[in-house]
Amino acid sequence: MMMGQSTSTVTDSENTTDRPERAMSMKLQQGYEQLMARAPGAAFPRARQLYLNKYSFPQSQTSPDLRLFVCDEALEETIQECEKDDKSDRRIVTLTARPGSLALVHWQQTEPAEWNAIQHYLKETWEFALNPADLSAQQELWFRDSGHQMRFQAPTSLVIQQRSILSLQE
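Since the model is a prediction, treat every value here as computed from it, not as a measurement.

Asker: Teacher, can you tell me more about the overall build of the protein chain here?
Answerer: Secondary structure assignment for the protein chain yields three helices and six strands. From first element to last, N terminus to C terminus, the protein chain shows the α and β order β-α-α-β-β-α-β-β-β. Classification of the 170 residues of the protein chain by burial places 41% in the buried group. Counting only contacts in the protein chain whose residues sit at least 6 apart along the sequence, the fraction spanning at least 24 positions is 72%. Counting only carbon and sulfur atoms, one obtains 47% of the accessible surface of the protein chain, whose full area is about 10,200 Å².

This is the structure we're talking about:
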């Protein structure tokens, strides 16, 4: 019998240690946690990618013209035994998810948003700041022509861990 969710390691982004560290806000971390709470499990990579392409970080409608999406992520699964005095066949499975890059999408627009609008959106919605050089404009529109996208590296501290108990019984 298996309890919890067993998944394999999936890595789509570059090594996260190569990225510069940016100050991250609690709002950004909470938004990421809310987004990932409903994401399909790592055992379903195509469904998970579709979810990340379709759903942005949850936000109030302070700026419906700008939305934040996860472009790619690194997933790491570790399995460890329970306490030594626990004679069961249970293991603790930990899935660590880190976004590699984020997309700032100018919703249903083919041109990028103005820099002042971007700064305001990031500050007011996510308490987060970027320099213009941190953003990389993309040629292609976001998923299903949803709007102009600009990408930037996610803060290395933007991480979520999910733990499950795996019970191995014959």
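Asker: When you look at the pattern of salt bridges in this model, what are you seeing that I'm missing?
Answerer: For side chains bearing opposite charge, pairing can occur when the charged atoms are close. For the structure shown, the criterion picks out two salt bridges. The salt bridge partner of Glu-127 is Lys-27, with a shortest N-O separation of 3.9 Å. Of the two residues, Glu-127 is situated in the loop between helix H3 (115–126) and strand E4 (136–137) and Lys-27 in helix H1 (residues 26–37); the sequence distance between them amounts to 100 residues. The partly exposed category is assigned to Lys-27, whose relative accessible area is 33%. Measuring nitrogen to oxygen at the nearest pair gives 2.5 Å for the salt bridge that ties Glu-73 to Arg-48. Residue Glu-73 is found in strand E2 (residues 66–81), and its partner Arg-48 is found in helix H2 (residues 45–54); the two are separated by 25 residues along the sequence. Both residues of the pair, Glu-73 and Arg-48, count as buried.

Asker: Looking at this structure, how should I read H2?
Answerer: Owing to its 3.6 residues per turn, the α-helix brings residues three or four apart onto one side. Among the residues of H2, those classed as buried are Arg-48, Tyr-51, Leu-52 and Asn-53. Contacts from the buried residues of H2 go to H1, E2 and strand E3 (90–107).

Asker: I would appreciate a short explanation of H1 in the present structure.
Answerer: Between its terminal C-alpha atoms H1 stretches 16 Å, which fits the 16 Å expected from twelve residues at 1.5 Å a residue. All of the buried residues in H1 are Leu-28, Gln-29, Gly-31, Tyr-32, Leu-35 and Met-36. Buried residues of H1, seen end-on, are gathered within an arc of 160° and therefore sit on one face of the element. When the buried face of H1 is taken as reference, the exposed residues oriented beyond 90 degrees from it are Met-26 and Ala-37. Buried positions along H1 lie against H2, E2, E3, H3 and strand E6 (160–167).

Asker: Could you clarify how one ought to interpret the packing of aromatic side chains in this entry?
Answerer: Ring pairs (aromatic) are described by centroid distance and by the angle formed between their planes. In total, this model carries six aromatic pairs according to the counting rule given. Between Phe-57 and Trp-126, the aromatic rings sit 5.5 Å apart at their centres with planes inclined by 75°, giving edge-to-face as the arrangement. On the criterion of sequence distance, the pair formed by Phe-57 in the loop between H2 and E2 and Trp-126 in helix H3 is long-range, its members being 69 residues apart. Grouping aromatic residues by their ring pairs yields a cluster made of Tyr-32, Phe-57 and Trp-126.

Asker: Just checking my understanding: could you explain the packing of H1 against H3 for this structure?
Answerer: Any two packed helices are characterised by how steeply their axes cross, that is the angle between the axes, and by the distance between the axes. Here H1 crosses H3 at 80°, and the two axes come no closer than 8 Å. In terms of their interaxial angle, H1 and H3 are classed as roughly perpendicular. Only Glu-124, Thr-125 and Trp-126 of H3 make contact with H1, whose side of the interface consists of Lys-27, Leu-28 and Gly-31. Per-class residue counts for the contact of H1 with H3 are two nonpolar, two polar and two charged.

Asker: What should I look at first to understand the environment of Leu-122 in this one?
Answerer: Along the chain, Leu-122 turns up in helix H3. Judged by relative accessible area, Leu-122 falls into the buried class, the value being 2%. As for Leu-122 and Leu-68, which are separated by 54 residues in sequence, their C-alpha atoms are 9.3 Å apart. Aside from chain neighbours lying at most four places away, what touches Leu-122 is Glu-127, Phe-128 and Leu-130.

Asker: I keep staring at the nonpolar core and nothing clicks. Help me out?
Answerer: Soluble, globular proteins show a tendency: their nonpolar side chains are buried together. Core analysis: the largest hydrophobic core is formed by 30 residues, its most contacted members being Tyr-32, Phe-57, Leu-68, Leu-102, Ile-118, Trp-126 and Phe-152. For this core, the secondary-structure elements that each account for two or more residues are H1, H2, E2, E3, H3 and strand E5 (147–153). Not counting chain neighbours up to four residues away, the residues in contact with Phe-152 comprise Leu-68, Ser-101, Leu-102, Leu-104, Phe-128, Leu-130, Asp-134 and Leu-135. Membership of the second largest hydrophobic core comes to six residues, among which are Cys-71, Val-105, Trp-107 and Trp-142.

Thresholds applied
- Residues numbered from 1 in each chain as written.
- Predicted model: local features only at pLDDT ≥ 70, side-chain atom pairs only at ≥ 80, totals over all residues.
- Heavy atoms only, no water.
- Helix = DSSP H or I, 4+ residues; strand = E, 2+ residues; numbered from the N terminus.
- Buried < 20%, exposed > 50% of the residue type's maximum accessible area, 1.4 Å probe, protein only.
- Contact = heavy atoms within 4.5 Å.
- Areas by Shrake-Rupley, 256 points an atom, 1.4 Å probe, with all protein chains shown as cover.
- Salt bridge = Lys/Arg side-chain N within 4 Å of Asp/Glu carboxyl O.
- Expected span 1.5 Å × (residues − 1).
- Arc of directions from axis to C-beta.
- Phe/Tyr/Trp six-rings, centres within 6.5 Å; stacked < 30°, edge-to-face > 60°.
- Axes fitted to C-alpha atoms, helices over the stretch in contact; angles between N-to-C directions.
- Parallel < 35°, antiparallel > 145°, perpendicular 65-115°, else oblique.
- Nonpolar A, V, L, I, M, F, W, Y, C, P; charged D, E, K, R; others polar.
- Core = buried A, V, L, I, M, F, W, Y, C linked by side-chain atoms within 4.5 Å.

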